[in-house]
2 protein chains.
Amino acid sequence: MARAARPGITDVAKLAGVSLSTVSRAMNGNPTVDPALAERVRAAAAQLGYTASPVARSLVLGRTQTVAVVIPDLENPTFQAILRGLSRAAAADGYHVLVADSREDLDEEHALARATRLRTDGVILCAPRMSEDELAEVLPALSPAVVVNRGPQTGTPVVGADYEAGTRQILDHLTALGHRRLVYLAGATRSVTHRARQAAIAAAVRDGDGLEVEEITAGVDFDSGTAVADRVLATGATAVIAYNDLVAMGLLSALTIRLIDVPRQLSITGFDDIPFAAYTSPPLTTAAVPAVELGAAAWTAMHAQLTADEPTPMLTLTPTLVVRGSTAIPHSA
Amino acid sequence: MARAARPGITDVAKLAGVSLSTVSRAMNGNPTVDPALAERVRAAAAQLGYTASPVARSLVLGRTQTVAVVIPDLENPTFQAILRGLSRAAAADGYHVLVADSREDLDEEHALARATRLRTDGVILCAPRMSEDELAEVLPALSPAVVVNRGPQTGTPVVGADYEAGTRQILDHLTALGHRRLVYLAGATRSVTHRARQAAIAAAVRDGDGLEVEEITAGVDFDSGTAVADRVLATGATAVIAYNDLVAMGLLSALTIRLIDVPRQLSITGFDDIPFAAYTSPPLTTAAVPAVELGAAAWTAMHAQLTADEPTPMLTLTPTLVVRGSTAIPHSA
DNA sequence: CTGTTAGCGCTTTCAT
DNA sequence: ATGAAAGCGCTAACAG
């Protein structure tokens, strides 16, 4: 028993008794085709279960209805959320999404971007790890492209969260509570978002109020948070601004073991508002980065380039401060 | 300034002074081409920055080097892990991955599977929500396909975790600790994995030992766990087997608020071992589902069908019991 | 070993 | 309004 091959446009044409062109036109809703004929064609197509081959269409039309997203790490909750927002927005516009996980590998990131671009209509670079120079060099070859959470680019739309504003909100919250001696747990020191946090902190310190912030380089994951617990305690600070929620949670966990009462003895803030930030004990006060919206915005920027009707401004979303149980007035106050 | 169009195979042929076929052969490593010529061709290609169009190749070769994964919910940590494992394994074999989020919509799931199949070489159905009949009906049209975490299928490889074995491990752990009165917090009652849990529980009860298990229908997320806290307490059970980690965490959170000491007053187990299960307080005892490995296995099963060399057995991975702080000997013991 | 030719399945001028 | 024919960019017989 030979398995029936997928019907081609020729089969439909034969069955409907018309030419290929007519089938093509009818299937694409071209108004120049006689309504009656169009109906006949559609009936024939339905009878055969015919659907035009997307691959063949891609070749002739020069577009694939697919975009690529390259992500540094599929394990990161924030990237997962961005992917989700992007994927759903793209699907709503009838586009498909190719995901590529660069696994934090610089060369892979570069190669994946170029490779996936060939089979798609554009690529979204999610928080690219490559250097500014490399990025600027590769971007033209990827066009249309969209960059997420990286500094401004000439010629490529950028969407991102305002980490400086988020940090400012955290600082305001903490100082309003009465904290003056803080620790900032830095992540990857060459990261752009780290610089943004630093800038906000520097500005706050400069503004006086007797604010002091000591910086300790930790890392970006849970374990780096636990690892610096003792150093944090040694500073005598009353509150700590963790690089992100993961670091904050790690620290929180280590402090719990040391029987340190958070927030009474020490306040802790995170960043991102990953799904589980609300479920730690105490729940984490954090700056919520609208990652799903960021993904959706990235799609909007891509779609605009693909259809060339709307403008594509550089979009910046502001994180929202979410006050939960991990912050309170300082012990000494 | 006209932007240079992407060079085609013709440009390379011209520059190298050979025919199209020779370029094609050289670029594909065909050994029948003179080494010197091949080198010249490669040089020309490099000079022009030429790469064969994947779309054109897909059309003529009949394969896209891409597979589709349809997932019920990109927000679910387990599916994220499966996607990660799958994506990385596929990438290692030079394949690309198209993701489609059906958002728990039955019709979408069906439509997405069919639509993405047209632009890929196969589709992986992740814990499909559609009925057994529908699944059996659509699967032939998707071939080659792989089904993850669903009952056995005729003609389609299935990979999945053994939820019954996982539940058995939890039961053994709890009974060994001395628990006799348990509560099982059920999730979606028509889910296949729920039935597996039920079967394991029924068998354990049947085996005697005076084990009693009361079933309470909760749900699959954090909130459903918090919602049933009082009902759980009212049963007087000494341990609860939650449908999954999310439910367990929700329950844990509600109990913490009620000042119930876990595990001293009540032991709790989860299922899945999602990333944050280790970070609750107390950390969750759970049956770890090897989701990343499941994704990798799904790829292996797909790759085998694509290359038709290896066999594709039905693969079942056994969860691992991870004993953490949320379980202990019963209070009364 | 290399070049010529015929498609892969579709869309789109260009005629009619 | 419809059909015939020319490709989209590449690979794979088929000659030589």
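Quantities reported herein were computed from a predicted structural model and do not represent experimental measurements.

**A word on the protein's contact with DNA strand C**
Every one of the 25 residues lining DNA strand C counts as a neighbour, but Ile9 and Arg57 of chain A together with Ser21, Arg25 and Asp34 of chain B are closest to it. Protein-proximal atoms of DNA strand C, defined as those within 4 Å of the protein, fall in sugar or phosphate at a share of 62%. Here a phosphate oxygen of DNA strand C sits 3.2 Å away from a polar atom, N or O, in the side chain of Asn28 of chain A. Here Val60 of chain B contributes a backbone N or O atom positioned 3.5 Å from a base oxygen of DNA strand C. Going through the elements one at a time, α2 (20-27) and α4 (54-61) of chain A together with α2 (20-27) and α4 (54-61) of chain B are the ones with two or more residues in the surface near DNA strand C. At four residues, the largest contribution of residues to the surface near DNA strand C is made by α4 of chain A. The residue inventory of the surface near DNA strand C, partitioned by class, reads eleven nonpolar, ten polar and four charged.

**Focus on the sheet that holds strand β8 (residues 239-242) of chain A**
Residues and elements named next belong to chain A. One open sheet accounts for six strands, arranged β7-β6-β8-β9-β10-β12; its pairing is mixed. Only two strands of the sheet have a single neighbouring strand rather than two, namely β7 (212-217) and β12 (320-322). Strand-to-strand twist of the sheet, defined as the mean angle between neighbouring strand axes without regard to direction, takes the value 20°. With three bridges joining them, strand β10 (residues 285-288) and β12 adopt antiparallel strand pairing. Across the sheet, the residue bridging to Ala288 is Thr320, located in β12. The strands that helix α8 (residues 163-177) touches are β6 (181-186), β8, β9 (267-272), β10 and β12; relative to β9, the one it contacts most, it runs at about 160°.

**Considerations on the UniProt feature "domain: HTH lacI-type" (unreviewed entry) in chain A**
Here the UniProt feature "domain: HTH lacI-type" (unreviewed entry) sits at residues 7-61 of chain A. Counted over residues 7-61 of chain A, helix gives 69% and strand 0%. Its end C-alpha atoms are 21 Å apart.

**Section: the interface of chain B and chain A**
Of the residues lining the interface, 35 residues belong to chain B; the matching set on chain A comes to 35 residues. A buried area of about 3,600 Å², summed over both sides, lies between chain B and chain A, and 65% of it is on carbon and sulfur atoms. The interface formed by chain B and chain A includes six salt bridges. Note that Asp101 of chain A is salt-bridged to Arg88 of chain B, the shortest N-O span being 2.7 Å. For the pair chain B and chain A, the interface holds twelve residue pairs in polar contact (both at pLDDT 80 or more). Counting only elements with at least two residues in the side of chain B that touches chain A, the list comes to α4, α5 (77-92), β2 (96-101), α6 (106-118) and α12 (245-257) of chain B. Here the side of chain B that touches chain A is composed, by residue class, of 16 nonpolar, eleven polar and eight charged. One ladder, built from three bridges, connects strand β2 (residues 96-101) of chain A with β2 of chain B; its direction is antiparallel. Counterpart to Val97 of chain A in the pairing with β2 of chain B is Val99 of chain B.

**Notes on the nonpolar core**
Formed by 145 residues in total, the largest nonpolar core has its most connected members in Leu185 of chain A together with Leu185 of chain B. Looking at this core, the element that brings in the most residues is helix α12 (residues 245-257) of chain A, giving eight residues. Leaving out residues up to four positions away in the same chain, Leu185 of chain B has contacts with Ile216, Ala218, Val228, Val232, Val240, Ile241, Ala242, Tyr243, Val247 and Leu251 of chain B. In this structure, Leu142 and Val147 of chain A together with Ala113 and Val147 of chain B belong to the second largest nonpolar core, which totals 32 residues.

**Things to note about the protein's contact with DNA strand D**
Residues in close proximity to DNA strand D total 25 residues, the closest being Thr22, Arg25 and Asp34 of chain A together with Ile9 and Arg57 of chain B. Counted by atom, the contact set of DNA strand D within 4 Å of the protein is 66% sugar and phosphate. For DNA strand D, a phosphate oxygen lies 2.4 Å from a polar atom in the backbone of Ile9 of chain B. Here a phosphate oxygen of DNA strand D and a side-chain polar atom of Ser24 of chain B are 2.7 Å apart. Elements represented by at least two residues in the surface near DNA strand D include exactly α2 and α4 of chain A together with α2 and α4 of chain B. Residues belonging to the surface near DNA strand D are distributed by class as follows: eleven nonpolar, ten polar and four charged.

**So, the relation of the copies chain B and chain A**
With an axial shift of 0.1 Å and an RMSD of 0.2 Å, the rotation relating chain B to chain A amounts to 180°. In the structure described here, the two chain copies are related by an operation that fits a two-fold rotation axis. Nearest to the rotation axis, the C-alpha of Leu98 of chain B is located 2.2 Å from it, this being the minimum over chain B. Both copies present the same face, since 97% of the interface residues in chain B are matched by interface residues at the equivalent positions in chain A.

**Here's the deal with the sheet that holds strand β3 (residues 123-126) of chain A**
Taken in spatial order, the twelve strands line up as β11(A)-β5(A)-β4(A)-β3(A)-β1(A)-β2(A)-β2(B)-β1(B)-β3(B)-β4(B)-β5(B)-β11(B) in an open sheet, and their pairing is mixed. A single partner strand is all that each edge strand has here, and the edge strands are β11 (315-317) of chain A together with β11 (315-317) of chain B. Averaged over all adjacent pairs, the angle separating strand axes in this sheet is 20°, with direction ignored. Where strand β5 (residues 158-161) of chain A and β11 of chain A come together, three bridges link them in parallel fashion.

**Some words on the side chain of Arg197 of chain A**
In this fold, Arg197 of chain A is placed in helix α9 (residues 192-206). Once residues lying within four places of it in the same chain are set aside, the contact partners of Arg197 of chain A are Tyr163, Thr167, Tyr184, Tyr243 and Phe271 of chain A.

**Observations regarding the packing of aromatic side chains**
By the definition in use, this model includes nine aromatic pairs over all chains. Between the aromatic rings of Tyr163 of chain A and Phe271 of chain A, the centroid separation amounts to 5.3 Å while the plane-to-plane angle is 20°, which identifies the pairing as stacked. Highlighted residues: Tyr163 of chain A in helix α8 and Phe271 of chain A in strand β9, separated in sequence by 108 residues. Overall, Phe271 of chain A belongs to the buried group, its relative accessible area being 1%. Consider the rings of Phe222 of chain A and Tyr279 of chain B, whose centres lie 3.4 Å apart with planes at 15°: the pair is stacked. With Phe222 of chain A in helix α10 (residues 222-227) and Tyr279 of chain B in the loop between β9 (267-272) and β10 (285-288), the pair connects residues from two separate chains. Residue classification places Phe222 of chain A among the buried positions, given a relative accessible area of 8%. The positively charged end of Arg197 of chain B is found above the aromatic ring belonging to Tyr243 of chain B, 4.0 Å away from the centroid. Geometry around Phe271 of chain B places Arg197 of chain B over its ring, the cationic atom sitting 4.6 Å from the centre.

Conventions used here
- Residues numbered from 1 in each chain as written.
- Chains lettered and ligands numbered in written order.
- Predicted model: local features only at pLDDT ≥ 70, side-chain atom pairs only at ≥ 80, totals over all residues.
- Heavy atoms only, no water.
- Near = heavy atom within 4 Å.
- Polar contact = N/O pair within 3.5 Å; in protein donor to acceptor, adjacent residues only side chain to side chain.
- Helix = DSSP H or I, 4+ residues; strand = E, 2+ residues; numbered from the N terminus.
- Nonpolar A, V, L, I, M, F, W, Y, C, P; charged D, E, K, R; others polar.
- Pairing = 2+ DSSP bridges.
- Axes fitted to C-alpha atoms, helices over the stretch in contact; angles between N-to-C directions.
- Contact = heavy atoms within 4.5 Å.
- UniProt positions renumbered as here; feature names shortened; annotations may be inferred.
- Buried area = accessible area lost by both parts, 1.4 Å probe.
- Salt bridge = Lys/Arg side-chain N within 4 Å of Asp/Glu carboxyl O.
- Core = buried A, V, L, I, M, F, W, Y, C linked by side-chain atoms within 4.5 Å.
- Buried < 20%, exposed > 50% of the residue type's maximum accessible area, 1.4 Å probe, protein only.
- Least-squares fit on C-alpha atoms with pLDDT ≥ 70 in both.
- Phe/Tyr/Trp six-rings, centres within 6.5 Å; stacked < 30°, edge-to-face > 60°.
- Lys NZ or Arg CZ within 6 Å of the ring centre and 35° of its normal.

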